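Architecture and fold: a report
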Amino acid sequence: MTTDVTLASTASKGSVAPTSLGEGHARRFASAVPTLDRHTNKVAEESTISARLEAARASGDLEAERVACLELARLLEVRGIGLGGAAQLYGRAADIRSDADVLRKRASLEEKLGRPALAADALRAALDLDAQPGGRVRLGWLLLRAGDNKRASEAFARAAAETNEPLATELGGALGFAGTGEVSRQEGADLYIEVLDVEVC
């Protein structure tokens with residue numbers, strides 16, 4: 001009798017465990033359904049946009065192709081998969097119509113993917129359309145990572161000339177002590193002195 005009373009009390013509090021393992025699995029599956037639905041919807045959306053993209057390419061409709069490229073690139077970027085494909089789609093959209101924001105998005109993705117040379121190419125094109133503070137310094141840094149010290153030096157020199165950014169001058173000076181030949185040691189030392197003069201002032 002005591003056991004029956006205890007079970008009845010527990011049931012009244014709504015804390016009775018599932019009567020079977022099958023019921024427990026069913027509940028867990030039901031709670032996962034919204035996640036499965038979202039995944040299915042994203043896949044369906046990707047298929048729809050991909051079909052539109054292929055149709056636009058087949059018909060030669062460049063504007064429709066550009067729009068579909070951007071939509072598909074954004075979807076892939078949000079999902080965090082196919083980032084290489086997203087970068088290419090941003091690049092194609094920018095080829096059809098030059099757009100600094102789109103080029104910057106491609107540069108960001110290429111950098112995340114560990115492709116600094118491609119990131120630098122996209123960022124340079126973006127800066128030619130719309131120069132932003134710090135953009136040339138970042139370009140120089142990407143070029144350094146890509147092993148292109150010559151163009152990195154040029155980017156730092158341009159940044160220093162256009163914006164008087166101390167960091168650009170300092171990084172340009174550092175190349176003078178890297179022994180690569182783009183900037184002489186004397187030029188590097190002069191650049192460091194220039195940075196110190198700016199900081200003192």
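Residues numbered from 1 in each chain as written. Predicted model: local features only at pLDDT ≥ 70, side-chain atom pairs only at ≥ 80, totals over all residues. Heavy atoms only, no water.

Turning our eyes to something else, we now look at the overall build of the protein chain. For the protein chain, the count of helices and strands is 10 helices and 0 strands. Ordering the α and β elements of the protein chain from the N terminus gives α-α-α-α-α-α-α-α-α-α. Considering the protein chain as a whole, with its 201 residues, one finds that 29% of them fall into the buried category. Accessible area for the protein chain stands at about 12,000 Å²; split by element, carbon and sulfur atoms hold 56% of it. (Helix = DSSP H or I, 4+ residues; strand = E, 2+ residues; numbered from the N terminus. Buried < 20%, exposed > 50% of the residue type's maximum accessible area, 1.4 Å probe, protein only. Areas by Shrake-Rupley, 256 points an atom, 1.4 Å probe, with all protein chains shown as cover.)

Let's shift gears to the packing of helix 5 (residues 100-112) against helix 6 (residues 116-129). Their axes nearest at 8 Å, the elements helix 5 and helix 6 cross at an angle of 160°. Considering the angle they form, helix 5 stands roughly antiparallel to helix 6. When the axes of helix 5 and helix 6 are compared, the crossing they make is left-handed. Where helix 5 approaches helix 6, its residues Ala100, Leu103, Arg104, Arg106, Ala107, Glu110 and Glu111 are matched on the opposing element by Leu118, Ala119, Ala122, Leu123, Ala125, Ala126 and Leu129. (Axes fitted to C-alpha atoms, helices over the stretch in contact; angles between N-to-C directions. Parallel < 35°, antiparallel > 145°, perpendicular 65-115°, else oblique. Left-handed = near helix turned anticlockwise from the far one by under 90°. Contact = heavy atoms within 4.5 Å.)

A few words now on the packing of helix 6 against helix 7 (residues 135-145). Where helix 6 meets helix 7, the axes come as close as 8 Å, and the angle between the chain directions of the two elements is 160°. Taken as axis vectors, helix 6 and helix 7 run roughly antiparallel relative to one another. Taken as a pair, helix 6 and helix 7 cross one another with a handedness that is left-handed. Side by side, helix 6 and helix 7 meet where Pro116, Ala119, Ala120, Leu123, Arg124, Leu127 and Asp128 of the first sit next to Gly135, Arg136, Arg138, Leu139, Leu142, Leu143 and Arg145 of the second. Tallied by class, the residues present in the contact of helix 6 with helix 7 amount to 8 nonpolar, 1 polar and 5 charged. (Nonpolar A, V, L, I, M, F, W, Y, C, P; charged D, E, K, R; others polar.)

For the rest of this paragraph, the subject is the nonpolar core. Formed by 20 residues in total, the largest nonpolar core has its most connected members in Leu53, Leu72, Leu89, Tyr90 and Val102. Going through the elements one at a time, helix 2 (21-59), helix 3 (62-79), helix 4 (83-96) and helix 5 are the ones with two or more residues in this core. Among the elements that make up this core, the one with the highest residue count is helix 3 (7 residues). Once you skip the residues sitting within four places of it in the chain, Val102 turns out to touch Leu70, Tyr90, Ala93 and Ala94. By size, the runner-up hydrophobic cluster in this structure holds 16 residues, among which are Ala120, Leu127, Leu139 and Leu142. (Core = buried A, V, L, I, M, F, W, Y, C linked by side-chain atoms within 4.5 Å.)

A few words on helix 8 (residues 149-163). With 15 residues, helix 8 extends 21 Å from end C-alpha to end C-alpha; this agrees with the ideal 21 Å at 1.5 Å per step. Following helix 8 by one or two positions, Asn164 has its phi on the positive side, about 55°. (Expected span 1.5 Å × (residues − 1).)

On to the confidence of the model for the protein chain, then. Counting all residues, the mean pLDDT for the protein chain is 77, and 64% of those residues have values of 70 or more. Note that residues 1-16 has pLDDT below 50 and, in this model, 3 contacts with residues that lie over four places away or in other chains. (pLDDT = per-residue confidence, 0-100.)

On to the side chain of Arg104, then. Residue placement: Arg104 occurs in helix 5. We classify Arg104 as buried; its relative accessible area is 15%. Discounting chain neighbours no more than four positions away, the residues touching Arg104 are Leu123, Ala126, Asp130 and Gln132.

What follows concerns the pattern of salt bridges. In total, this model carries 18 salt bridges according to the counting rule given. For Arg104, the salt bridge goes to Asp101, with nearest N and O atoms at 2.9 Å. Of the two residues, Arg104 and Asp101 both sit in helix 5, 3 residues apart, roughly one turn of that helix. Its relative accessible area of 47% is what places Asp101 among the partly exposed residues. Close ionic contact of Glu111 with Arg145 constitutes a salt bridge, the shortest N to O distance being 3.4 Å. (Salt bridge = Lys/Arg side-chain N within 4 Å of Asp/Glu carboxyl O.)

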